[in-house]
Amino acid sequence: MTSMVKDVLSRVARKAESRLIQILVLTGLALVAIVFAYTVLFRLVTVSEKVSAGLGNILADDMLHNEDLADVISLFYFRQNHALPSLSTPAMEYDPQHQIYGANLFADNPSPDLRGTLQSRRELPRQAVLIARSIDLSLEREDRVPHHHLVVRRYFLPVDNDYIYLYTKMPTRNYVFASYGGKGFMLKGEGKTRNYFTQKLNNSVETSAGKFSEIYQDVLTRRPTLSIEHFVYDIGDSSGNSVLGVACLDYELNTFIQLIDRMGYTSGERYLNIDIEDKLKHSHISILHNGYVFGRASFEINKRFVFNVSVNPWAFYLSADGYPDILIFLLLVTVVGLLSRSMIKHKQASHTDSLTSLYNRKWLLAWEKNRGKHVSYIVALIDCNRFKPINDRYGHAMGDDALRFIAKSIQQNIRTGYDYAVRMGGDEFVILFRTRNVAGAYEAMVRINEQLQQFGHGISLSVSYGFAPLSNDTPLIAAIAEADKRMYRYKRRNATGHDR
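Residues numbered from 1 in each chain as written. Predicted model: local features only at pLDDT ≥ 70, side-chain atom pairs only at ≥ 80, totals over all residues. Heavy atoms only, no water.

Participant: Just checking my understanding: could you explain the sheet that holds strand E17 (residues 463-470) for this structure?
Facilitator: Backbone hydrogen bonds are what pair the strands of a sheet, in a parallel or an antiparallel way. With antiparallel pairing, the four strands of this open sheet are ordered in space as E15-E16-E14-E17. Strands with a single pairing partner mark the edges of an open sheet, and in this sheet they are strand E15 (420-425) and E17. Between one strand and the next, the sheet's axes are offset by a mean angle of 20°, whatever the strand orientation. Two strands pair when backbone bridges link them, and strand E14 (residues 377-384) and strand E16 (residues 428-433) are joined in this way by six bridges, in the antiparallel orientation. When the sheet's bridge partners are listed, Ile-382 is paired in E16 with Phe-429. Helix-sheet contacts for helix H11 (residues 396-412) involve E14, E15, E16 and E17, and the interaxial angle to E16 is about 5°. Sitting on the sheet, helix H12 (residues 438-452) touches E14, E16 and E17, and the angle it makes with E17 is about 160°. (Pairing = 2+ DSSP bridges. Helix = DSSP H or I, 4+ residues; strand = E, 2+ residues; numbered from the N terminus. Axes fitted to C-alpha atoms, helices over the stretch in contact; angles between N-to-C directions. Contact = heavy atoms within 4.5 Å.)

Laid out in C-alpha cells, this is it:
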C-alpha cells in the first residue's frame, strides 16, 4: 500500500513539475509579446508624441512672440512716423572695408542710439531708423514678458532688402549684410494686404499664421537654416496696409537636434522624421528625413502649420536610444529560450529510459496517440534470453551493462529518423520499423543477434523476438500483444532446440 501511494505521489509531482515549466514558458512568451508590442508600438509613438509636442510648443511660442512683435513694431512705427517733432537720425558709422553704412558697426565704439546693429548699402534712410527704433521699443516691451528664445538670429528685412536691422549689437567683422542675404526668398511679390488689423480681428489665417521659409544654407554660418517670418505693415498708408518688411527668427538645423537631445533622445537625428506642413499651400518643409515612417504624431502650431514627427523603427533600435529596449527584449528572449530548453530537456528525460537512452513506455504511448496516418510499421517485441542468470551470477551491474549493449546494438542496426527503439522495462524492448517488409526487419534482428555475440565476459548474449504488422486501423497494444505471442513461440522453439 505504501509503495502504491509513493508511486501516485511521484506521478503527481512529475506532472506538477512539467505543468509548472509549461506555465513559466507560456508566461515568458506572453511577456515577450507584451514587451515587443510595447517597444514597437507604444514606445515609438511616445517618442513621436513627445518630440512633436516639445518642438511644436517651442515653435508655436516663438511664432506667437514674433507675430506679437511684428504687430507692435507696426504700431510704434505708425506713432513715430507721425510724431512731432521728427526724431533725429543716430550717429552714422561707415565701414570702408565692406562699404556699409549704419549704426553699431564696430564693437570697440558701440552707439547707444540703437539697441541693435543697423547695416545699409547707402546712407541710413529715415524709414530704416524709424523701424530700428520701433523694434527697440517693441523689444523693451517683450523683455517684460519672460521668454526664452532658442534661435540663431532675430532681425528685420525691408521689402527691397536694402538694409537689415539685427536685434543685437553685432560688429561687421562677425556679420556683413549682403542684399537678399543669400536666403533664397524675396519679399517682393508678396503685395499688400488691405485692412490688416481688421482681418486679424476676424482671425484670418493669412494674417495670423506668418510663414516658415524653406530650409536654406545661411551665407554666414553655411549651415542649414529655417526662418520664421511675420510681416510688419505700414498701417498709416492711405492706400491700405503696405508691407514694410518682415521680422525674422532663424533656427539652424543643429538647433532642432540640440532641442531633441535635451528631451533625452541623443540620437534623434538618426531616426526621426520631422516636417512642417503648410495647410494653406498644401506643402511640406522637411527638417529631418530618415526614411521609413512609423508612429506619426502631429502638433498644430496654429491654424495654418502642423508639426509632424515620426520614427524609423529600424534606425531607432540601431541607435543608442533604442539599445535599452533591445537589451530588455533579448533578455526576455533568452529567459524564454532557457525555459523552453528546460522544458524540452524535461520532456526528453520523461520520454527517455535513463539506463539505455532509448525511448520509454511514456514516449510510446504519446507516439501512439500522435502517429501519422497512412504509414505502416512492423512491430518487433524483443526479450533477452537467459537474462536472470546473468544478474544472479554476475550481478546487477553486469546485467545493466548487458542491457546497455543490447540497446547500443539495436540503435546501430535501425534507421535513424525512420525506426524507433523503446525499452518497455526489464529486459524487454520494442522496435517500430517503418516498413511493410518483414524480411527487412528480420535481417536487422539477425544483425543485432550477431553483434550481441561480441559482448564478451564469457556471456552468450542473445535475444528472442516476434513481429506483428501495425497499420492505421490496428491499435498498438494489439500489435504488441501479437508480437509478444510470436516472440514466446520463437523463444520456446529455441529452448527445445527447434529452428525458427
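Participant: I keep staring at unusual backbone geometry and nothing clicks. Help me out?
Facilitator: Only a minority of non-glycine residues have a phi that is not negative, and only a minority of peptide bonds are not trans. Within the chain, Arg-386 stands out as a residue other than glycine whose phi angle is a positive 50°. We classify Arg-386 as exposed; its relative accessible area is 55%. Phi at His-457 is positive, roughly 60°, even though this residue is not glycine. Mapping His-457 onto the fold places it in the loop between H12 and E17. (Buried < 20%, exposed > 50% of the residue type's maximum accessible area, 1.4 Å probe, protein only.)

Participant: Honestly, the pairing of strand E12 (residues 294-300) in this entry has me stumped. Any pointers?
Facilitator: Successive side chains on a regular strand alternate, one facing one side of the sheet and the next facing the other. Two strands pair when backbone bridges link them, and E12 and strand E13 (residues 305-311) are joined in this way by five bridges, in the antiparallel orientation. From the neighbouring strand, Phe-299 faces E13, where its bridge partner is Phe-307. Remark: four residues form the turn of the hairpin made by E12 and E13, two consecutive strands paired antiparallel.

Participant: What am I meant to see in the environment of Phe-316 here?
Facilitator: Counting through the fold element by element, Phe-316 comes out in helix H7 (residues 313-317). Residue class for Phe-316 comes out buried when judged on its relative accessible area of 0%. For Phe-316, the residues in contact, after removing those within four places along its chain, are Arg-43, Leu-44, Val-47, Tyr-271, Val-311, Asp-321, Gly-322 and Asp-325.

Participant: Sorry, what's going on with the confidence of the model for the protein chain here?
Facilitator: In regions of low pLDDT, the predicted coordinates are not meant to be interpreted in detail. For the protein chain, per-residue confidence averages 80 on the pLDDT scale, and 81% of positions sit at 70 or higher. The lowest-confidence element of the protein chain is helix H3 (residues 196-201), averaging 47 in pLDDT; the highest-confidence one is E16, averaging 93. For residues 8-14, every residue scores under 50 in pLDDT, and the model assigns this stretch one contact once sequence neighbours within four places are set aside. The low-confidence segment residues 181-205, where pLDDT is below 50, has 52 contacts with residues more than four positions distant or belonging to other chains. (pLDDT = per-residue confidence, 0-100.)

Participant: Explain the pattern of salt bridges to me, please; I cannot follow it from the model alone.
Facilitator: Think of it this way: side chains of opposite charge can pair up when their charged atoms draw near. As enumerated under the stated definition, the model contains eleven salt bridges in all. Linking Lys-388 and Asp-392 is a salt bridge whose minimum nitrogen-to-oxygen distance equals 2.9 Å. Linking Lys-388 with Asp-392, this pair stays in helix H10 (residues 387-394), spanning four residues, or about one helical turn. With relative accessibility at 58%, the residue Lys-388 sits in the exposed group. Measuring nitrogen to oxygen at the nearest pair gives 2.6 Å for the salt bridge that ties Arg-404 to Asp-401. Taken together, the residues span about one helical turn, with Arg-404 and Asp-401 both in helix H11 at a distance of three residues. Relative accessible area serves as the criterion here: at 36%, Arg-404 is assigned to the partly exposed category. Judged by relative accessible area, Asp-401 falls into the partly exposed class, the value being 33%. (Salt bridge = Lys/Arg side-chain N within 4 Å of Asp/Glu carboxyl O.)

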